[in-house]
There are 2 protein chains.
Amino acid sequence: MLVRKWLFSLGGLLLAVSSFAQQWQMNSPTAVTRMEFSLDERGIPRYALYYKEKPVIYPSELGVSLKDAPAFSRGFQMVSIDSSYTDETWQPVLGEEKNIRNRYKEMKITLREQLAPARSFNIIFRVFDDGIGFRYGFPKQAGLDDFIVTEENTAFRLTADHKAFWIPGDYDTNEFPYNTTRLSEVDASDPRFTQHIHAMTFYAKNAVQTPLMLKTDDGLYINIHEAALVNYPAMQLLVNKKDHALQSTLVPDALGNKAYLQAPAQTPWRTIIVSDQAKDILASRMILNLNEPSAVKNTSFIKPVKYLGIWWEMHVGKSTWDLAATQVAGEKLKESKHGATTERTKFYLDFAAKHGFQGVLVEGWNTGWEDWFGKWKEDVFDFVTPYPDYDIAELSRYAKEKGVELIMHHETSGAVTSYDRRLDTAFRFMKQYGINAVKTGYVGKVIPRGEHHDGQWMVNHIKRVAEKAATYGIMVNSHESVRPTGLHRTYPNYIAAEAARGMEYNAWSSGNPPEHETILPFTRIMGGPMDYTPGIFRIKLDYWQPGKKEQVQTTLAKQLALYVTLYSPLQMAADLPEVYEEKMDAFQFIKEVSADWDTTVILAAEPGEYLAIARKEKAGKDWFIGAISDEQKREMSIPLTFLEKGKKYTAVLYKDAPGAHWKDNPEAYSIEKRKVTARTELKLTLAAGGGCAIHISEEE
Amino acid sequence: MLVRKWLFSLGGLLLAVSSFAQQWQMNSPTAVTRMEFSLDERGIPRYALYYKEKPVIYPSELGVSLKDAPAFSRGFQMVSIDSSYTDETWQPVLGEEKNIRNRYKEMKITLREQLAPARSFNIIFRVFDDGIGFRYGFPKQAGLDDFIVTEENTAFRLTADHKAFWIPGDYDTNEFPYNTTRLSEVDASDPRFTQHIHAMTFYAKNAVQTPLMLKTDDGLYINIHEAALVNYPAMQLLVNKKDHALQSTLVPDALGNKAYLQAPAQTPWRTIIVSDQAKDILASRMILNLNEPSAVKNTSFIKPVKYLGIWWEMHVGKSTWDLAATQVAGEKLKESKHGATTERTKFYLDFAAKHGFQGVLVEGWNTGWEDWFGKWKEDVFDFVTPYPDYDIAELSRYAKEKGVELIMHHETSGAVTSYDRRLDTAFRFMKQYGINAVKTGYVGKVIPRGEHHDGQWMVNHIKRVAEKAATYGIMVNSHESVRPTGLHRTYPNYIAAEAARGMEYNAWSSGNPPEHETILPFTRIMGGPMDYTPGIFRIKLDYWQPGKKEQVQTTLAKQLALYVTLYSPLQMAADLPEVYEEKMDAFQFIKEVSADWDTTVILAAEPGEYLAIARKEKAGKDWFIGAISDEQKREMSIPLTFLEKGKKYTAVLYKDAPGAHWKDNPEAYSIEKRKVTARTELKLTLAAGGGCAIHISEEE
C-alpha cells in the first residue's frame, strides 16, 4: 500500500529568521525527527537535524564543487519546494524481515543561482522517524551537460566531541579493525589506529570511512552513511577536530577527479540515522528504503545459501590456492598441497549433501594463482581454465547428482579491466557447468591503474557485474569491493559482500578482537549483508601448524551466535568438514539456522560491547537467537516475549561452558535443551569473547 | 629458405680501445652498414652506426630506468656475445611485394652489473644492409620479476643539425601536418608547427614523434622508428638542440609510469634505416622483418579490399552521423539528414556491386552519435543497436544478394573499457550479419581516464582487438590508434590503420598541404598501411556547401596516383557515387587499380617533393604507376625498364590537364592511351600539387 499526499507548497512552512535569511522545516511522520533547511543572506544552503527536539546536526553547509565551473555552493535563491508523504510496505526477496515499511516525508528543493550562470540545483530530503536522507540533483539545463565533480561539500556539524567507532579513511581498503575513540582523537596515521593492509591508500590523518557510528555523551546513537551509491565515488569523512564537524570527501580517480556525470544526474543519498536506543539503529531500514526497488524482474533464482568451501584450509596453511608453487621440479602432482582437487571437492560435496547445505565454494580451482599476488598485472586469471587436477565437468556432474551446487570463485587480483572483458565468457562457463553463484575478489591495486576500489569507476563495475549476473541468473558475493549502501534492494542477486575485516584476518594477522563482531552491525552491515564466514570450531590455529600463534578471538559458542547477529542471506560454515565431524552436536545449530527471515527483533545492543538478536525464519515457525559479548564476561537476560502467547516451545541453547574464555578456553561449549514460552526470561552467561546461540521450535 | 649460421663468440671481434673501455663491431651482410658496440670504463653501453663508413649515429647511450630499482644504465661487464646470420625469404599475406627477403647479422649481448644487485641485461642488435634494429631484454632472474619501466634512455646521437620531417610529440594524437625544419628549429609549441587536434596532449617543446625522417646535408637519408611495438608504450624523441642528440621518451600512463613488465621481457626494436638514396628508405622491409611471423593460422579471410562508404558525405556536410540531432521535436524521420539509412546504403551497395568493389563502410549506423563527442563518457555506443532508419538485417541480405560486404564501424569515442567489454558481443553481431571487416575509431580522450592513445595500455588494447578479431575471421582497420610498427606481419588481419593526418582534414581544417602525401610514405607509412581514403573527385568543397572554403589540396589526377603511392591493402574510393557517376572515365582507374602487390619498384623519391612508384599486381600481370608532386609543377621521366623485355603493353595515363593546378584548377584531367615497352621512357608533367596515375597492361 502506497500512501502519498502533497503536503505543502512553497512558503507553507517558511520561517523568517532574519530580514535576509530564510528557513523551512519538516517533521518526520510522527515528529520524532525534524529537519531544517535554510538559505542565509549569501544564499548558502544549510540543513540541520533534531531528534526529539535535541540537536543532532547543527546547521551544516551543502554543496558540490565542479571542474572548470563555479561550485554549486552559494548565491542561491529558492525557486520551489515540493513536498510529499509516502507510506508503503514492500517485500525484499531476501532479508531480515518479510515486510519492510517505508514511511517518510519528502521535501524537494529547487534552487537557482541569483547571478549568472543562474544554474538550477536541487536538494531532496526524506525525513523518516529514524533519521534523514538527502541527495543533490543536477537538472538538465543550458550550460550543464557533461560535468566533472571535484568534491562534494556536505558538512555534518555534530554537537560535541562524540565517541566514534571508526576505521581510517582509505581509497582502497576497508579491512581495518575498528577504533573506539573520541572524534578529536581520530588519527588515521597513528599505528595504534591503523594497520598495513595490502593495497591500502592512505590520504589524510583526519579521514574516516562510513558507515560511521557515533554515540553522544547524553545517549544518542548516530549513524552516518550513504544509500544507493550509483555512478559516484564512495563518500568518506574528514573530521574537523576543533568544531566536531565532519566534511564529506569523495574517492578520486587517477587524475584526482571525483565523478563524471551527465545532467540530469543525482548523487547518492547521505544518511543520518539517529535514536536514543542503540537497538533502533540496527532495526532501521532507512538505507534500504532509500534504494530503488528491484531492477531484476525474475528473482526466482535468488535464494538464501548456506555453504561450505575449500577456503579456510588455505588460510590456515593446510593447503594452497595455487598448484605450481607446490610443485618443485620433478615432483608429481600427488605430492601437491593444492586444495582445489577433484577428490577434495567431492569430499566437501559429500559433506554438504549429507548435512543439507546448498553450496560448496572452491577457491584456487583455476590457473593464475601461481602468479597472482601483488603484481598489478592485467591478465592473470582467465576464469575458464581449471588446474589439471580439478575436473570441473566431473564435479559439475557429481554436484548435480548430490543435489548441491558448486559456487564459482573469480579472483581478479584487481585486474578489473581484464575481468570486465571476460565477464560474459566467465558467466557462460559457469552456466555450462550448472553454477549459479559466484564469489568475486578484488585483492590488490586496481587496474585501470590509478583507479581506486572505492572510486566511481569501481562502483560502476560492481553494479555492472551485479546487473550482468542477473541476466544470467547468477548470484554475486563480492570481496574487496566498495562497502554496500543498500543496493541489494535494487539488485537482490547481489546477495552479499565482504567489504570489511572478515574472519580470514584471524588466520594471519593480529586478527579481529572480541569486540569486532559487536561493532560490525553498527557499521559495515548498516549498508548490507556481509559474507563474514563464521563457524570456526578449531579456534586455536596451532592445530593446523604447530607453533602458530594466531587464533580466532571468540569462543566456539559465539561463532554459532554470529549466524544470527551478522545478517546475511549467504552464510558459510567456514571450518573444514573434518573439524565439524568432531563436533556434530554443535554443528547441528549451523545446519538448522536459517539465512532468510520473517521477523527480526533486536533484543539488546551496545556497539563495541554486546548484542542480542532474535529472528524468525521466513519459511517456517522457528526462532533463532544470537547473543554475543565483547572481551567482557557478561550476564544477559532475554525475555522471550516475541514468541506466540500460549504456545509451547523447545529451546536448544549452545552456550559457553563454565570457564570458557575466548583466549584461554575458547572451544568449551555446552548444549542445553529446555521448554520455553513467551513468558520465559532466559538468563544467559556469556564468556569473555563469548556468546550464545539458541534455536527455538514449537512443540509438536 | 632460412640460412642461419653462428658467426663468432665472445672476444672474436673485440677491439680494445683503451685499457678499460671495450668495443665490438658487426658489419651488415654486404658491409654497407656497420654497428659498433662499446662499454666504457664506467661500464656504460653505447652503440654507433656507420653507412658506407660514414658515421650516421655517433656512440650513443643505451639503457632503461626502473621504478624503485637502479636503472639498467651503467656498471656493466660483458658476459657473452652470441652472433648469428639469417637469410630467409617470406611471403606476406598482403603486401607491397610477394616475397620479402630478411637478411641480417645478429649480435646478442649479455651484460651483468659488476656490483650488487649484479643483474643481467641483454641488448640485441640486428644489422641489415639498410640499417639496424636493436632491443633490450630483461632475463628472468632473482630480484627481477614484475617491474615498472619509468623511462627508456636510448640516445640517437646524430652527426649534425639535419633537416627533419617531423610532427610534434604528443601522447594522444598523430594527426598533425608535417614540418620540415632543421632539428635545431624543432618547437612543438610553436603555432607555426602545431595545430589544435581534439584530445591532444602536448608534453614538451622539443618532442617529436616517429617515424622521424631526416636528411643530412651530404645526402644521407635516415629514418628512426620502432618495430614490433608490443606490451610497451610508443617511443617518442626529445631533441637536444645543442648536440643534435635525440633521446627516447615513452608515453606514460595515468600515474606517469611507462611500462609494466614481467621478466623475461623485451622492448620493441628501435630502428634506424639509412641510405644515400631516398628510394631505398621506401624499399626497406626492415621494420616488417623485425616483427614476428603471422600468429594467425588461417589467413584465408584476409583479402585486399577496395571499398566505398557513407563517410565523406558527413565530412562535407551533406549528411550527419547522428539521427537525433537532425530531428527537432515533431519532425518526421524522412526529414532527417542522417546518412546511414537503409535506402542510402542500398544506393552505395548497388554502386559498389556494379563497379566491382568489395565493401561498403557505413558510419553513423548505430545509436550513440547523438551524444558522442568530447564528453569523456564511458557508455556511449553499444555497437549492436542500429538507428531505427537502418535495417541491418535487410541490408545484410541485400549485400549478400549483390555480392558486396558491409564494413562495420565501431566508433568508441575513446571509451575503450566500454568497447573491450562489448567486443565479443559486437563481433558476434557482425558475424551474424555476414560482416567480416571493421573500422574502429578512438576519437577523444581515452577511458581508462588518464591513459593515453599511445601508452602501453592502449597498445595492448589495439593488439587485443586484432587478436580477437582474428579468432572471428574479422579484418581490422583502426583509426585514432597508435601508429603502426609492422605488426601487420604478425596480425595480417590488422589490415590498415589511420594514425596520421588523413583525407578528412581537408574537409574541415587547414587541410593537408600538397607536400603531405610525399612525406607520409617516409614517415607514417614506414610502420604499415594507412587508410588514407583517397579518390576525392570533387576537389573544391563549395560544391557541397556554398561558400565553403576548404578544399582537397591536390589535383584529381593526383588523387588517382595516391592509390599507388600510399600503400594499403585497404583502399577507399572516398567520394560519393553520384560524384563518380559524373566522371566514370577517371573512375576507371580506381576500379582497376590493385591493392595487393607482387612487386614494387620505387622509381623516384624525395620526401616533401615528389614520389613515383610502380607496382605489379599480385594476382595478374598489370602494372600501376603513381607519380605525385608537392606544390611545385614538375617534369618527371619514367623509364619502364621494369616491364618484361620484348613484350608489348598498353598504358593508360590519367594526367593533369594542361593548366591544372591544385588550387586554381584541380579537377582538370586528361586520359591518354598509348603503346609502351620496357624501352619506353614516359615524360610526365605533374601540375603544382598534381600527379599522374598509369595503368599498364599487356597487349593480348
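Scroll up a little and you will see the structure.
Everything quoted here is computed from the prediction, not taken from an experiment.

Definitions and cut-offs
Residues numbered from 1 in each chain as written. Chains lettered and ligands numbered in written order. Predicted model: local features only at pLDDT ≥ 70, side-chain atom pairs only at ≥ 80, totals over all residues. Heavy atoms only, no water. Helix = DSSP H or I, 4+ residues; strand = E, 2+ residues; numbered from the N terminus. Expected span 1.5 Å × (residues − 1). Least-squares fit on C-alpha atoms with pLDDT ≥ 70 in both. Contact = heavy atoms within 4.5 Å. Buried < 20%, exposed > 50% of the residue type's maximum accessible area, 1.4 Å probe, protein only. Pairing = 2+ DSSP bridges. Axes fitted to C-alpha atoms, helices over the stretch in contact; angles between N-to-C directions. Parallel < 35°, antiparallel > 145°, perpendicular 65-115°, else oblique. Left-handed = near helix turned anticlockwise from the far one by under 90°. Buried area = accessible area lost by both parts, 1.4 Å probe. Salt bridge = Lys/Arg side-chain N within 4 Å of Asp/Glu carboxyl O. Polar contact = N/O pair within 3.5 Å; in protein donor to acceptor, adjacent residues only side chain to side chain. Nonpolar A, V, L, I, M, F, W, Y, C, P; charged D, E, K, R; others polar.

### Some words on helix α4 (residues 342-355) of chain A
Here is step 1: Between the first and last C-alpha of α4 of chain A there are 20 Å, a value that for 14 residues agrees with the 20 Å anticipated at 1.5 Å per step.
Here is step 2: Trailing α4 of chain A by a residue or two, Gly356 of chain A shows a phi angle of about 80 degrees, which is positive.

### Topic: the relation of the copies chain A and chain B
Here is step 1: If you rotate chain A by 180 degrees and push it 0.0 Å along the axis, it lands on chain B with an RMSD of 0.0 Å. One copy is carried onto the other by what is essentially a two-fold rotation axis. Residue Arg421 of chain A, judged by its C-alpha, is the member of chain A lying nearest the rotation axis, at 2.2 Å.
Here is step 2: In this assembly, 100% of the residues forming the interface of chain A have copies in chain B that are likewise at the interface, indicating an isologous arrangement.

### Details of the pairing of strand β33 (residues 623-629) of chain A
Residue and element names in this part refer to chain A.
Here is step 1: With seven of its seven residues buried, β33 lies for the most part within the structure.
Here is step 2: Here β33 shows no split at all, with Trp623, Ile625, Ala627 and Ser629 on one side and Phe624, Gly626 and Ile628 on the other all buried.
Here is step 3: Two elements, strand β32 (residues 610-617) and β33, share seven bridges in a ladder whose sense is antiparallel. Looking at the pairing, Arg615 lines up with Phe624 of β33.
Here is step 4: The antiparallel hairpin formed by β32 and β33 contains five residues in its connecting segment.
Here is step 5: Direction of pairing for β33 relative to strand β38 (residues 691-698): antiparallel, over a ladder of six bridges.

### What to know about the packing of helix α6 (residues 416-432) of chain B against helix α7 (residues 456-472) of chain B
Residues and elements named next belong to chain B.
Here is step 1: Taken N-terminus to C-terminus, the directions of α6 and α7 make an angle of 15 degrees; their axes are 11 Å apart at the nearest point. Between α6 and α7, the angle falls in the class roughly parallel. Judged by the sense of rotation from one axis to the other, the crossing of α6 with α7 is right-handed. Contacts between α6 and α7 pair Val416, Thr417, Tyr419, Asp420, Leu423, Asp424, Phe427, Arg428 and Lys431 from the former with Trp457, Met458, His461, Arg464, Val465, Lys468, Ala469 and Tyr472 from the latter.

### Side note on the interface of chain A and chain B
Here is step 1: Contact residues are listed per partner, giving 26 residues for chain A and 26 residues for chain B.
Here is step 2: In total, chain A and chain B occlude about 2100 Å² of area from one another, counting both sides; carbon and sulfur atoms represent 49% of this.
Here is step 3: At the surface where chain A touches chain B, the tally comes to six salt bridges.
Here is step 4: Ionic pairing is found between Asp146 of chain B and Lys375 of chain A, a salt bridge with its closest N-O pair at 3.5 Å.
Here is step 5: There are eight residue pairs in polar contact (both at pLDDT 80 or more) connecting chain A and chain B.
Here is step 6: Secondary-structure elements contributing two or more residues to the side of chain A that touches chain B are β12 (146-152), β21 (259-262), α6 (416-432) and α7 (456-472) of chain A.
Here is step 7: A per-class count over the side of chain A that touches chain B returns eight nonpolar, five polar and 13 charged.

### Here's the deal with the side chain of Asp371 of chain B
Here is step 1: Considering the arrangement of structural elements, one finds Asp371 of chain B in the loop between β25 (359-362) and α5 (392-402).
Here is step 2: Take Asp371 of chain B: its relative accessible area is 15%, and that puts it in the buried class.
Here is step 3: Looking at Asp371 of chain B, its side chain comes within polar contact range of the side chain of Gln262 of chain A, at 3.0 Å.
Here is step 4: Residues within four places of Asp371 of chain B in sequence aside, it is in contact with Asp145 and Gln262 of chain A together with Lys377 and Val380 of chain B.

### Brief notes about the sheet that holds β12 of chain A
Sheet strands pair by backbone hydrogen bonding; their relative direction is either parallel or antiparallel.
All names here are of chain A.
Here is step 1: Ordered by their spatial adjacency, three strands build an open sheet running β7-β12-β21, and the pairing between neighbours is antiparallel. On the outer flanks of this sheet lie β7 (64-66) and β21, each paired with one strand and no other. Going from strand to strand, the sheet's axes swing by 45 degrees on average, the running direction of each strand aside.
Here is step 2: Note: β12 against β21, four bridges, orientation antiparallel. Residue pairing for β21: Ile148 is matched across the bridge by Tyr260.

### Some remarks on the sheet that holds strand β31 (residues 597-606) of chain B
Residues and elements named next belong to chain B.
Here is step 1: As summarised here, the arrangement of the six strands in space is β31-β32-β33-β38-β35-β36, forming an open sheet in which the pairing is antiparallel. Looking at strand neighbours, the two that pair on one side only are β31 and β36 (669-676), the edges of this open sheet. Direction aside, neighbouring strands of the sheet carry axes that sit 15 degrees apart on average.
Here is step 2: The sheet contact formed by β31 and strand β32 (residues 610-617) spans eight bridges and is antiparallel. Looking at the pairing, Ala604 lines up with Ala612 of β32.
Here is step 3: With respect to the sheet, helix α10 (residues 556-565) is in contact with β31, β32, β33 (623-629), β35 (649-656), β36 and β38 (691-698), its orientation differing from that of β33 by roughly 125 degrees.
Here is step 4: On top of the sheet, helix α12 (residues 584-592) reaches β33, β35, β36 and β38; it is set at about 120 degrees to β35, its chief contact.

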